[in-house]
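# Topology and contacts: notes
Now for the letters of each chain:
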Amino acid sequence: MAEIQKQITTRIGPHDYEVVLENATGWDGRGSDGRINHRTLKVHLLVECLEAACVFETAWHEHFHGVLELAGFGDHSEQMVQALGAGIVQVLRDNPWMGSLEAFKEHLGLEDEGHPRGGARTGADDE
Ligand SMILES: [Zn+2]
């Protein structure tokens, strides 16, 4: 497989995964545009001949595989991950202020004070 980039890592739970951007030469993704290996801690993304938006969605897709695996749902369905990956990309595209806590706080005019540590939840209407 031909790796075409510098080292990039992403964190999923307690693990740092290496993100590997690859071209089509030697790609063994078995029909997919990405894959994640929980033993080698690598996220492989096919980037050649793909729009960046597709790579973005694939990256989210593979991260959801990682999140579900870590949560003990190792037998999750591909359909579920497909829906989550496409869904989060749509939510982020349509609501960019949902992309980070800082942007969220700015959009809603929230301050840190009076909110749970690390979050902006009010506790009033969550669930
Ligand atoms: Zn998948």
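Data block above holds the structure.
Every value quoted in this text rests on a predicted model; they were computed, and no experiment measured them. (Residues numbered from 1 in each chain as written. Predicted model: local features only at pLDDT ≥ 70, side-chain atom pairs only at ≥ 80, totals over all residues.)

### Regarding the sheet that holds strand E1 (residues 8-12)
Rule in force here: Strand pairing is defined by DSSP finding a minimum of two bridges between the two strands. Secondary structure elements follow DSSP: runs of H or I of four or more residues count as helices, runs of E of two or more count as strands, with numbering from the N terminus. Only the stretch in contact is used when fitting a helix axis, every axis being a line fitted to C-alpha atoms; angles between N-to-C directions are given from 0 to 180 degrees. Two residues qualify as being in contact provided that their C-beta atoms, derived from the backbone, are within 7 Å of each other.
Strands sit in the order E1-E2-E4-E3 across an open sheet of four strands; the sheet is mixed. With partners counted over all chains shown, the strands left at the sheet margins are E1 and strand E3 (34-37), one partner each. The sheet shows a mean angle of 25° between the axes of neighbouring strands, taken without regard to direction. Across the sheet, helix H1 (residues 52-70) lies against E1, strand E2 (15-22), E3 and strand E4 (42-46), angled at about 25° from E3, the strand it touches most.

### Details of the nonpolar core
Stated precisely, the cut-off is as follows: Here, a nonpolar core denotes buried Ala, Val, Leu, Ile, Met, Phe, Trp, Tyr and Cys residues that are linked to one another through C-beta atoms within 7 Å. Put plainly, a residue is buried at 20 or more neighbouring C-beta atoms within 10 Å of its own, exposed at 12 or fewer, and partly exposed in between, counting only other residues' C-beta atoms, which are placed from the backbone.
Among the nonpolar cores identified, the biggest contains six residues, and these are Tyr 17, Val 20, Ile 36, Val 43, Leu 45 and Ala 59. Elements represented by at least two residues in this core include exactly E2 and E4.

### Topic: unusual backbone geometry
In the Ramachandran plot, Leu 41 falls in the positive-phi region, its phi being about 55° despite a non-glycine side chain. Looking at the secondary structure, you find Leu 41 in the loop between E3 and E4. Residue classification places Leu 41 among the partly exposed residues on the basis of 15 C-beta atoms within 10 Å.

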